[in-house]
Each structure stands twice: as C-alpha cells, then as structure tokens.
Amino acid sequence: MAEFDMIDATAWAAMLLGAFTLAAAIGALRKPGLWQTMVKEIEQSPALQLLCGLVELILGAAVYLANPWIPADILTCIMKAIGGIMMIEALVVLAFSDLYFHFWLRNLANMQRIWVALTLACGLALTVAGLMRLN
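Everything numeric in this text was worked out from a predicted model, so none of it was measured.

1. Details of the nonpolar core
Here comes step 1: Of all hydrophobic cores here, the largest spans 11 residues; its members are Ala25, Ala28, Trp35, Val39, Ile42, Val93, Tyr100, Phe101, Leu105, Leu108 and Val116.
Here comes step 2: A per-element tally of this core places helix 5 (residues 74-134) first, with 6 residues.
Here comes step 3: Among residues more than four places away in sequence, those in contact with Val39 are Phe101, Trp104, Leu105 and Leu108.
Here comes step 4: Ala14, Val63, Met79 and Leu126 belong to the second largest nonpolar core, which has 7 residues in total.

Shown next, in the form of structure tokens:
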C-alpha cells in the first residue's frame, strides 16, 4: 500500500490529459477540417453521441475524484476544475446533443485555427506541469 501512496495522481492526470490534448491538436494541424468532420459524424449518430457523453463522463469523474481540492496546490485545483467541467459537458452532450454539436460545427467553421492553437497551448501547459511535478 505504501507504493500506491507515492503515486501522484494529479501529475499523471495532468501529463496524460495534456499529452492527449497535444496529440489531438497536432492531428488537427496536420489535417485541417478533421475536427469539423468528427463533430459532423457525431452529430449524425445518436449512438456516437451517447458513447462520447459516457466516455467523457467517466473520464471527467476519474479526473475529478483523483484530485483533491488543495488551495495551496494550484495544479490539483485546475485538474479538479477540468474534471468537473468535463462531467458537466458530458451531461450537456447527452441532454442537448442537437444544439451542442450544431454550435460546435458553426464555431469550428469560423474559428478552427484559434481552437487548435488554444488546445495546443493547454495541452502543452498540462503536459509540462505534469512532467515537472513527476520529477
């Protein structure tokens, strides 16, 4: 049990979520229009909407529950907030998928480069913060 206590869940969650986000942004840079195509496919499939909502709810809950709220530790607070936002977004996807995905299709058509840049910056920040904390 002592080894499990030494695992820094916050560092691992930040690093892995950051690496995922970085990879998604790099994919979007390599293939412009990829996210718009993906969102369009999800919008057209109730099964994919349900699956995406479920996966995001489970991952958001895992991130939220693995990170305590320690005001002196900004990374734990950020990760807990991200987990909470993921859970709320998952419930919105499940309840209002028609409106939600239509909003993102319109938004991605006009501001795809901005979203990719923001995603890249957030992914890099989370990855670096997680890696710095692991060392």
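2. Structural notes on a nonpolar patch on the surface
Here comes step 1: A cluster of nonpolar side chains, Ile7, Trp12, Leu16, Leu131 and Leu134, forms an exposed patch at the surface whose accessible area comes to about 460 Å².
Here comes step 2: Of all the secondary-structure elements, those providing two or more residues to the nonpolar patch are helix 2 (9-30) and helix 5.
Here comes step 3: By the secondary structure assignment, Ile7 is in the loop between helix 1 (2-5) and helix 2.

3. Here's the deal with the packing of aromatic side chains
The description of an aromatic ring pair uses the distance of the two centres, along with the angle that the planes make with each other.
Here comes step 1: By the definition in use, this model includes 4 aromatic pairs.
Here comes step 2: For the pair Tyr100 and Phe101, a centre-to-centre distance of 5.5 Å together with 85° between the ring planes defines the contact as edge-to-face. Each member of the pair, Tyr100 as well as Phe101, carries the same accessibility label: buried.
Here comes step 3: Pairing Phe103 with Trp104 gives two aromatic rings, centres 5.3 Å apart and planes at 75°, and the pair type is edge-to-face.
Here comes step 4: A relative accessible area of 37% means that Phe103 is categorised as partly exposed.
Here comes step 5: Each member of the aromatic cluster is reached from another via a ring pair, and the members are Tyr100, Phe101, Phe103, Trp104 and Trp115.

4. A short note on the environment of Met38
Here comes step 1: With respect to the secondary-structure elements, Met38 resides in helix 3 (residues 34-43).
Here comes step 2: With relative accessibility at 41%, the residue Met38 sits in the partly exposed group.
Here comes step 3: Along the primary structure Met38 and Leu105 are separated by 67 residues, whereas in three dimensions their C-alpha atoms are 9.6 Å apart.

5. Some thoughts on the side chain of Asn67
Here comes step 1: Mapping Asn67 onto the fold places it in the loop between helix 4 (46-66) and helix 5.
Here comes step 2: In terms of polar contacts, Asn67 uses its side chain to reach the backbone carbonyl oxygen of Val63, at 2.6 Å.
Here comes step 3: Among residues more than four places away in sequence, those in contact with Asn67 are Ala9, Thr10, Ala13, Thr76, Met79 and Lys80.

Basis of the calculations
Residues numbered from 1 in each chain as written. Predicted model: local features only at pLDDT ≥ 70, side-chain atom pairs only at ≥ 80, totals over all residues. Heavy atoms only, no water. Core = buried A, V, L, I, M, F, W, Y, C linked by side-chain atoms within 4.5 Å. Buried < 20%, exposed > 50% of the residue type's maximum accessible area, 1.4 Å probe, protein only. Helix = DSSP H or I, 4+ residues; strand = E, 2+ residues; numbered from the N terminus. Contact = heavy atoms within 4.5 Å. Patch = residues over 30% accessible without salt bridge, like charges linked within 9 Å, V, L, I, M, F, W, Y side chains within 5 Å. Areas by Shrake-Rupley, 256 points an atom, 1.4 Å probe, with all protein chains shown as cover. Salt bridge = Lys/Arg side-chain N within 4 Å of Asp/Glu carboxyl O. Phe/Tyr/Trp six-rings, centres within 6.5 Å; stacked < 30°, edge-to-face > 60°. Polar contact = N/O pair within 3.5 Å; in protein donor to acceptor, adjacent residues only side chain to side chain.

The analysis is restricted to geometry; functional conclusions fall outside its scope.
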